[in-house]
Amino acid sequence: MRRTLCCLTALAGLLLIVGLCQNTPAQRHTASSLADADSATLRARYEKPATHWPPAWLDPGVPLRELAILPARARPTPHRQAQAALGERLFSDTVLAAPGYPSCAACHQPAQGWSAPPRRFEAPLGSTAGRKPPSLYHVARRTHWGWDGRRDSLVAQTLAPLTDPDEMGNTDLAVVLQRLARDPRHAQDFQSLYGPGPVTAAMLGDALVAYLAGIEKPSRLDRFLAGDHAQLSDQAILGLHLFRTKARCLNCHSGPLLTDEGFHNLRISAFGEPAEDLGRYRVSGQPEDAGAFRTASLRHVGEHPPYMHNGLFPTLAGVINLYDRGGGEVWARNAQEAAHPLYRHAARRSTRLQPLHLDEAEKAALLAFLEAL
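Below you will find a few notes about this structure. (Residues numbered from 1 in each chain as written. Predicted model: local features only at pLDDT ≥ 70, side-chain atom pairs only at ≥ 80, totals over all residues. Heavy atoms only, no water.)

## Let's talk about the overall build of the protein chain
Part 1: For the protein chain, the helix and strand inventory stands at 16 helices and two strands.
Part 2: For the protein chain, with 373 residues in total, the buried portion stands at 49%.
Part 3: Within the protein chain, counting contacts between residues at least 6 apart in sequence, those at least 24 apart form 71% of the total.
Part 4: For the protein chain, the accessible area works out to roughly 17,600 Å², and carbon and sulfur atoms hold 57% of it. (Helix = DSSP H or I, 4+ residues; strand = E, 2+ residues; numbered from the N terminus. Buried < 20%, exposed > 50% of the residue type's maximum accessible area, 1.4 Å probe, protein only. Contact = heavy atoms within 4.5 Å. Areas by Shrake-Rupley, 256 points an atom, 1.4 Å probe, with all protein chains shown as cover.)

Here it is as C-alpha cells:
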C-alpha cells in the first residue's frame, strides 16, 4: 500500500544514501523514493567497492553476505570436458527416460533459463507434478537441491528424476543402465571415459554432473561489480539500493548465489486446496516446516518465468507485489481445517516477510535490478 511521505528532508535523503543514518524503525517507515537529483550520488556510492555501500537492512541474527561475483572455477581437464560432453548428450536423450516420457532437457530448457513452466495435469495430492523445474544455473555450487531440499548431493538430485513417476517414469535405475549398455554409442563412450565394465549409476551421475557444472555465465550485475558500471542504469542502481534496504531482499537472497539456501514459508502452499504443497515438511516431517520452500537463487531470474515453486506468478512484477504485501494467505475455511494440526504452521509466515509499502517507482526500479541479475 502506497504511503505518502512528507517529513523526509533533502538532507535526510542524502544521509540515507551515503549511509550515515542508522537503520531505525522510524527510517524503515519514512524512506521515500530518491529524487532524480540524488541518482548521481547513489551511483557514485555503489560504483565503489561493497565495503563503501550504504548499510544493509538486515533482521537481527541475519549475517551480512554481500552481493558479489562468483569465484572463478578451475578450467576442467580435457578428460573432464569429454565426460561433460557425454553428460550433455545424455541430458538431451530420451534413452534415460521410460517410453513416452521426456528427456532431462525437456524440463530444463536452455531457452527457458534451464527451467520450464510446471506441467499442469491431475495428480495425486502430495505428488511433485505441479512443481516448476528449478533453474540449473550454477546448480553445482548449491548446498540444497529441489524445492524441498530432499537430496543431499547433486549426483542424487540428478539421478532421482529418472525413477520419479511424475518426471521420467522408470521403475528403477537398473532398467536405465540396461538401455545404456544396449546402446552401442553410449556403451562405448562410457568404456572409453570410465574404463571397461558395465555402466553404473555412479558413472551416469558423474557424467551428468560434469555437464551441469558448466551451466554458468556472468550477469550484468557481475560485470557492474567488476567495474563495467554502464551495465546498470540509474533506475537499476536504485533497485540495487532498495534490494539491500527497504525491499529487504538481502535477508534471504544474499551472497554470490543470491540465496541463503534456507527454507521459508511465504504462505503460498495452497493449504487445504487440491493444489496443496507443504514443501519442506514432506522431507523433514517437522510441523514447523509446513509450507516452507528453498530460497531460489535469483541469478538470471528474468530468463525463467513463471515464478515460485508452482509457477504461480507469470511475471517478476507479480513476485514483487507478493513481497510488497508481505506474502500470501493461508486461512481456514471451516472448523475442520482450523483444527488440522498443520494449519497453524502453514499459516505462519516467515519472520523475514513484512509489508514493504513500495511505491510504483520503487517497484519499477526493483524490477530493473532483478532483470540485471
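## Notes on the layout of surface pockets
Part 1: Estimates place the volume of the largest pocket at around 770 Å³.
Part 2: Residue lining of the largest pocket: 39 residues in total, with His 108, Pro 134, Gln 157, Pro 161 and Glu 167 positioned closest to the centre.
Part 3: Every element with two or more residues in the lining of the largest pocket is listed here: helix H5 (104-107) and helix H6 (154-159).
Part 4: For the lining of the largest pocket, the residue count by class is 20 nonpolar, eight polar and eleven charged. (1 Å grid on protein atoms, 1.4 Å probe; cavity = no way out; pocket = protein on both sides within 12 Å on 5 of 7 lines; lining within 4 Å. Points joined across faces, edges and corners; volume = space filled by probe spheres on them. Nonpolar A, V, L, I, M, F, W, Y, C, P; charged D, E, K, R; others polar.)

## Here's the deal with empty space enclosed by the protein
If a probe the size of a water molecule is rolled over the atoms, the empty space left behind becomes visible.
Part 1: The final tally for this structure, using the stated rule, is five cavities of 30 Å³ or more.
Part 2: Counted as a void, the largest cavity has a volume near 730 Å³.
Part 3: Lining the largest cavity are 41 residues; nearest its centre among them are His 253, Ala 296, Leu 298, Met 308 and Tyr 323.
Part 4: When residues of the lining of the largest cavity are traced back to their parent elements, those giving at least two are strand S2 (292-294), helix H13 (316-324) and helix H16 (360-370).

## Details of the nonpolar core
Generally speaking, soluble globular proteins have nonpolar side chains that are buried together.
Part 1: Formed by 41 residues in total, the largest nonpolar core has its most connected members in Leu 67, Leu 232, Phe 243, Met 308, Leu 370 and Leu 373.
Part 2: Looking at this core element by element, the count peaks at six residues for helix H11 (residues 234-244).
Part 3: Setting aside anything within four residues of it in sequence, one finds Leu 67 in contact with Trp 53, Leu 221, Leu 225, Leu 240, Phe 243, Leu 250, His 253, Gly 255, Leu 258 and Phe 369.
Part 4: Counting residues in hydrophobic clusters, the runner-up holds 31 residues, among them Val 139, Leu 193, Met 203 and Leu 212. (Core = buried A, V, L, I, M, F, W, Y, C linked by side-chain atoms within 4.5 Å.)

## Regarding the packing of helix H4 (residues 78-91) against helix H8 (residues 184-194)
Part 1: Two elements in contact, H4 and H8, have axes separated by 10 Å at closest approach and are oriented at 160 degrees. Viewed along their axes, H4 and H8 adopt a mutual orientation that is roughly antiparallel. Pair H4 / H8 crosses with left-handed handedness. Contact residues: His 79, Arg 80, Ala 82, Gln 83, Leu 86, Arg 89 and Leu 90 in H4; Arg 185, His 186, Asp 189, Phe 190, Leu 193 and Tyr 194 in H8.
Part 2: Residue composition of the contact of H4 with H8, by class: six nonpolar, three polar and four charged. (Axes fitted to C-alpha atoms, helices over the stretch in contact; angles between N-to-C directions. Parallel < 35°, antiparallel > 145°, perpendicular 65-115°, else oblique. Left-handed = near helix turned anticlockwise from the far one by under 90°.)

## Some words on H16
Part 1: Among all positions in H16, only Glu 362, Lys 363, Ala 365, Leu 366, Ala 368, Phe 369 and Leu 370 are buried.
Part 2: Considering only its buried residues, H16 is in contact with helix H10 (220-225), H11 and H13.
Part 3: A distance of 3.1 Å separates the backbone nitrogen of Ala 361 from a side-chain oxygen at the start of H16, and that oxygen is part of Asp 359. (Polar contact = N/O pair within 3.5 Å; in protein donor to acceptor, adjacent residues only side chain to side chain.)

## Describing the pattern of salt bridges
Part 1: Under the criterion given, the structure shown has 22 salt bridges.
Part 2: We note a salt bridge from Arg 352 to Asp 260, for which the minimum N-O separation is 3.5 Å. A residue pair is termed long-range when its members are at least 10 positions apart, and Arg 352 in the loop between helix H15 (343-346) and H16 and Asp 260 in the loop between H11 and strand S1 (263-265) qualify at 92 residues.
Part 3: With a relative accessible area of 24%, Asp 260 lands in the partly exposed category.
Part 4: Between Arg 282 and Asp 277 there is a salt bridge; the shortest N-O distance is 3.2 Å. (Salt bridge = Lys/Arg side-chain N within 4 Å of Asp/Glu carboxyl O.)

## A look at the packing of helix H7 (residues 173-182) against H8
Geometry of a packed helix pair, given as the angle between the helix axes and the separation of the axes.
Part 1: Where H7 contacts H8, the axes come no closer than 5 Å and their chain directions differ by 95 degrees. Taken together, the axes of H7 and H8 are roughly perpendicular relative to one another. Listed contacts from H8 to Leu 180, Ala 181 and Arg 182 of H7 are Pro 184, His 186, Ala 187 and Phe 190.
Part 2: Taken together, the residues that form the contact of H7 with H8 break down as five nonpolar, one polar and one charged.

## A word on unusual backbone geometry
Part 1: Going from Pro 305 to Pro 306, the amide bond is cis rather than trans, its omega being -5 degrees.
Part 2: Positive phi, normally seen in glycine, also occurs at His 138, with a value near 60 degrees.
Part 3: Along the chain, the position of His 138 falls in the loop between H5 and H6.
Part 4: Even without being glycine, His 300 reaches a positive phi, approximately 60 degrees.

## Quick look at the side chain of Glu 66
Part 1: Mapping Glu 66 onto the fold places it in the loop between helix H3 (39-46) and H4.
Part 2: Judged by its relative accessible area of 18%, Glu 66 is buried.
Part 3: One polar contact links Glu 66 to Arg 244, side chain to side chain, over a distance of 2.5 Å.

## Some thoughts on the environment of Arg 179
Part 1: By the element assignment, Arg 179 lies in helix H7.
Part 2: When residues no more than four places from it in sequence are discounted, the contact partners of Arg 179 are Val 95, Leu 96, Ala 97, Ala 98 and Asn 170.

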